[in-house]
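So the chains spell out like this:
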Amino acid sequence: MLPANGSSSHEASVTDTRPLARIDKEVATPAQAVAGIGPGATVLIGGFGDAGVPFHLLQALADLGVGDLTIVANNAGTGDDGVAALIRAGLVRRVICSYPRSRGSVWFERRHQEGSLELEVVPQGTLTERIRAAGAGIPAFFTPTAADTALGEGKERRVFGGRACVLEEALSGDVALIRARRADRWGNLTYHAVGRNYGPTMASAARLTVVEVSEPVVEIGDIDPEVVVTPGVYVDRVVFVGTEN
Amino acid sequence: MLPANGSSSHEASVTDTRPLARIDKEVATPAQAVAGIGPGATVLIGGFGDAGVPFHLLQALADLGVGDLTIVANNAGTGDDGVAALIRAGLVRRVICSYPRSRGSVWFERRHQEGSLELEVVPQGTLTERIRAAGAGIPAFFTPTAADTALGEGKERRVFGGRACVLEEALSGDVALIRARRADRWGNLTYHAVGRNYGPTMASAARLTVVEVSEPVVEIGDIDPEVVVTPGVYVDRVVFVGTEN
Amino acid sequence: MAVPAERQEPNRAEETDASTQLGDVRPWTMTEVAGHVASDLPVGACVNLGIGLPTLVPGHMPAGVEVLLQCENGMLGMGPRPPMGGEDPDRIDAGKGPVTIVPGGCYFNHNEAFAMIRGGHVDVSVMGAFQVSATGDLANWSVPGELLPAVGGAMDLAIGARRVVVMMRHTTKRGAPKLVARCTYPLTAAGVVRRVYTDLATAEITDGRFVVRAAAPGVTRDTLAQVTSAPIAWDV
Amino acid sequence: MAVPAERQEPNRAEETDASTQLGDVRPWTMTEVAGHVASDLPVGACVNLGIGLPTLVPGHMPAGVEVLLQCENGMLGMGPRPPMGGEDPDRIDAGKGPVTIVPGGCYFNHNEAFAMIRGGHVDVSVMGAFQVSATGDLANWSVPGELLPAVGGAMDLAIGARRVVVMMRHTTKRGAPKLVARCTYPLTAAGVVRRVYTDLATAEITDGRFVVRAAAPGVTRDTLAQVTSAPIAWDV
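As a convention, each chain's residues are numbered from 1 in the sequence order in which they are written. Lettering for chains starts from A, numbering for ligands starts from 1, and both go in the order in which the items are written. At least 70 in pLDDT is required for a residue's local features to be given in this predicted model, at least 80 for side-chain atom pairs to be given and counted, and no such filter applies to totals for whole chains, interfaces and linings, which use all residues. Excluded from the side-chain calculations are hydrogens and water; all other atoms, namely the structure's heavy atoms, are used.

A.B. asks: Now, about the overall build of chain A: what can you tell me, with residues and values included?
C.D. replies: Counting from the N terminus, the helices are the DSSP runs of H or I reaching at least four residues and the strands are the DSSP runs of E reaching at least two. Helix and strand counts for chain A stand at 6 helices and 13 strands. For this measure, only C-alpha atoms enter the radius of gyration; the expected value for a globule follows 2.2 Å times N^0.38, where N is the number of residues. The C-alpha radius of gyration of chain A comes to 19 Å, within 12% of the 18 Å expected for a compact globule of 245 residues. In chain A, which comprises 245 residues, the proportion classed as buried is 63%. Here a residue-residue contact requires only that any non-hydrogen atoms of the pair lie within 4.5 Å. In chain A, of all internal contacts separated by at least 6 residues, the share reaching a separation of at least 24 is 75%. Carbon and sulfur atoms make up 48% of the accessible area of chain A, which amounts to about 8,500 Å² in all. Any residue under 20% of the maximum accessible area for its type is buried, any over 50% is exposed, and the rest in between are partly exposed; the area is computed with a 1.4 Å probe on protein chains only. Each accessible area is a Shrake-Rupley result for a 1.4 Å probe, and residues are judged covered by the shown protein chains and nothing else.

Structure representation (structure tokens):
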């Protein structure tokens, strides 16, 4: 996702010194990978339980120390790492998630009780569909999920084919932080098992998509074009972090 | 997609003679694969140009001779085969497609001029998104495509984020006919190059999904679970037809 | 996460057994109940199992009967727990416990998993519940006045699966009925439950009643009426 | 299928050259125009090329400059036409001609291809057009009164790509202006075109005018005004 500048005329551009002729999205460290994320950012974070959680990127973001973040994730983090590290450090203003209450969500519960953390609970399928809609250029959609329940209150309601539905709007991020298995230097990705979860969807829905990968970044052509799961066009930065978490 | 009968109590079902304990979706011939498709059916047909067109299934459907069909496809067929075979035989009442006018769409043009064929033209991205919505349980969505154009006339219009959009409804089929490369007996599919096109989406959006494959059907476990493109749950029948068209 | 595992923590567990105080009644064990659920699953069905009690079901499938277990985090063909040492943090079920994948299984992303659920491609969803009403209303995601609601995929499964069945104990720990005329807990979805499997009875939901199709040994019409707060019919 | 190949059939072609009748003007060839488009593509950009004239662009990319060509039928990294005998019916471009895939390319389904387009992930869409207005309105899918309209992906690309540019001849075969104050042909989308590349000029669309950034040899303000039916400014 390059900014579509192209503002030079073709004559001017003859003397244009192009900064790069080669696309290489790899960066060396998680710190470089999260550089530039600013206070108040909305951050989409992949993972379900511990599967597919970009722990290294989250630690780097916690170290960066920017606050007032809105976090969009399935869970609200457990223990001291991952999303919990951000919440513990007081960097999070708002959490949009499906399942905040997990065994070990201590930091989330503490900050929430303190009143310093807003919470929006979204049904899991609606959460992923809202993110997908943002990536796919769909501003809003109707879904039967949560119609006529407490989570559908205040939403526009309409009946389709005899079935009550609610209107849900797209949910995009300033940044997406995800974890994948393999990447090439163009950012094409494959995943490992259910670590895939939110990755492909979140990658499409943020202005800056950052990926940690468990295998060393490979050259273009090393991933079969038939098995790429996330096309590189959705990816901005890739950092190799290995398999240990 | 089994009908969820399960109407027997657990006691009755002890003596239930289950018809099959093994899932095997392979059938022997294209004729068997299209058996049971009735007059008036809405048929989703994969393919873009000649890529991914299920020519064998379409010929079998033409041979079956059921009429009054509604065809949903990208194109309206060229030459004498594929979708054109159905139109030529007078079996089609209505075509919902994106690009009806291709070089060689002789049968479509003839039947359309005769007035025996209704046509609904849908922008390509809206067509695939309407089919996707049907498969994903989304009854309707807003899209900026075609807003304030002739193809958006008569549709509900609403502005999101300063941008005009129209409301589009899900488009499902009674049957989907698609072409893939490899299938296992559970119906898991992989595709070949851009032959993939509408296949995965249409497979999810029909009550009966029928697939012709270019390679012999393999045993379960022979396709890497990471590279399956269409999960078998969307597939009802598979027939091996080889690579020649 | 059809039913939260956290619901079963000691301080809020409503899953212990009050039914044993009903005279001669010999309630089914939940293992037996799992067998009842399993024997009703059609061959080839795509089945989503909520966490907690429903995870007992696969252990009771007849050998050689192929059923596809769908996991909403992105897997079809979920297999049993791996042997010790074979766990993979990226191969877990909805309750975050380690699992395997069977031959014929596949992975997909979360969005696809819920498209599959909401789009009607899951044949049977087996869930736990706090309350089920005689019109099929389901309450299994939140308790009244809760500070930290957590819904997970419960609402998607409830409206999306072609057949929703509930597996639970017949009453709360304190003996309060969970089969009710009208749910007092927040709804997950209205009118979706087709059948309940409890330790006292298996009942279909039809015409605003629980129609009993099987009852545990010693369960009489009177005993069942005592612990059920909804119209009951018998068709055993 | 941003612009239908059928538009170029002899009986309806509007793509031949009327500009050569303008005195000393030496119009650029469409090959030269393709070079103008190519030289403005940012490195690493994701670019969708309409069928017809825009397919000339890849041949003019500087060697070693990596640009991702997106094809709306489900491919990123579209490569050149294969050698004779290397054609594959499943490896075609939007115009249905045989192509290859470059290292780093990948396949995806049609729905994903259009999610990518509509979702703003295509940086530049290069299209042909019947008419472009001074406010960026685009008309390239249908002619007035047409019996058999066919839209393809034109509307999706027009509203979805982050930058829409048009490559076309400056006038119709009969010499009628294609750069107009207001389109008389059915719109593909309103206010989307940012730049036009013709055989006579390259112009940015700004503030309701065509701002000329470059002109072919011999093109004067007067000659351009003769064949353009819209406000023009010069900023060469």
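A.B. asks: Requested: an account of the pattern of salt bridges, with residues and values cited.
C.D. replies: Criterion for a salt bridge: a side-chain nitrogen of Lys or Arg within 4 Å of a carboxyl oxygen of Asp or Glu. If you walk through the whole model with that rule in mind, you get 58 salt bridges over all chains. Where A:Glu114 meets A:Arg111, a salt bridge forms, and the shortest distance between an N and an O atom there is 3.0 Å. Taken together, the positions of A:Glu114 and A:Arg111, both in helix α4 (residues 106-114) and 3 residues apart, correspond to about one turn of that helix. Residue A:Glu114 is classed as partly exposed on the basis of its relative accessible area, which comes to 48%. Of the residues examined, A:Arg111 reaches a relative accessible area of 17% and is grouped as buried. Among the ionic pairs, B:Asp148 bridges to B:Arg157, the shortest N-O distance being 2.7 Å. The exposure class assigned to B:Asp148 is partly exposed, which follows from its relative accessible area of 48%. On the basis of relative accessible area, B:Arg157 is assigned to the partly exposed category, the value being 48%.

A.B. asks: So what's going on with the packing of helix α5 (residues 124-136) of chain A against helix α2 (residues 110-118) of chain D? Residues and values would help.
C.D. replies: Remark: α5(A) packs on α2(D), axes separated minimally by 6 Å, with the N-to-C direction vectors making an angle of 70 degrees. Here α2(D) runs roughly perpendicular to α5(A), going by the angle between their axes. Residues A:Arg132, A:Gly135 and A:Ala136 of α5(A) touch α2(D), and the partners they reach there are D:Asn111, D:Ala115 and D:Arg118. Where helices are involved, their axes are fitted lines through C-alpha atoms of the stretch in contact, as for all axes, and angles between N-to-C directions lie from 0 to 180°. Under this scheme an angle from 65 to 115 degrees is roughly perpendicular, one under 35 degrees roughly parallel, and one over 145 degrees roughly antiparallel; angles in between are oblique.

A.B. asks: Summarise empty space enclosed by the protein; cite the residues concerned and give the values.
C.D. replies: Lining residues are those with an atom within 4 Å of a point, where the points come from a 1 Å grid over the protein atoms alone and group into cavities, where a 1.4 Å probe fits but cannot get out, or pockets, open sets with protein on both sides within 12 Å along at least five of seven lines. Grid points are joined across faces, edges and corners, and a volume is the space filled by probe spheres set on the points. The final tally for this structure, using the stated rule, is 8 cavities of 30 Å³ or more. Around the largest cavity, the lining comprises 41 residues; the ones closest to its centre are B:Val229, C:Asn109, C:Glu112, D:Asn109 and D:Glu112. Where the lining of the largest cavity is concerned, the elements lending two or more residues are α5 and α6 (199-203) of chain A, α5 (124-136) and α6 (199-203) of chain B, α2 (110-118) of chain C together with β4 (100-107) and α2 of chain D. Only Asp, Glu, Lys and Arg are considered charged, only Ala, Val, Leu, Ile, Met, Phe, Trp, Tyr, Cys and Pro nonpolar, and every remaining residue, Gly among them, polar. Considering only residue class, the lining of the largest cavity consists of 21 nonpolar, 12 polar and 8 charged.

A.B. asks: With reference to specific residues and values, describe the interface of chain A and chain C.
C.D. replies: Tallying the contact residues gives 43 residues for chain A and 40 residues for chain C. Around 3,400 Å² of area is buried between chain A and chain C when both sides are counted, 60% of it from carbon and sulfur atoms. Our count for the chain A to chain C interface comes out at 2 salt bridges. Measuring nitrogen to oxygen at the nearest pair gives 2.9 Å for the salt bridge that ties A:Arg101 to C:Glu146. Values labelled buried area give the accessible surface lost by two parts on being combined, using a 1.4 Å probe and summing over both.

A.B. asks: Talk me through the sheet that holds strand β8 (residues 163-169) of chain A; I want residue IDs and the actual numbers.
C.D. replies: The pairing criterion for strands is at least two bridges between them, as found by DSSP. Read across the open sheet, the 6 strands follow the order β7(A)-β8(A)-β6(A)-β6(B)-β8(B)-β7(B); overall the sheet is antiparallel. The sheet is open, and its two borders are formed by β7 (157-160) of chain A together with β7 (157-160) of chain B, each paired with just one other strand. Adjacent strand axes in the sheet meet at a mean angle of 30 degrees when their direction is disregarded. The pairing of strand β6 (residues 140-143) of chain A with β8(A) spans 4 bridges and is classified as antiparallel. Paired with A:Thr143 across the strands is A:Val166, a residue of β8(A).

A.B. asks: Talk me through the sheet that holds strand β7 (residues 138-139) of chain C; I want residue IDs and the actual numbers.
C.D. replies: A sheet is described by the order of its strands in space; here 3 strands give the open sequence β7-β6-β9 (chain C), paired in mixed fashion. Strands at the two margins of the open sheet, each flanked by one partner only, are β7 and β9 (179-180) of chain C.

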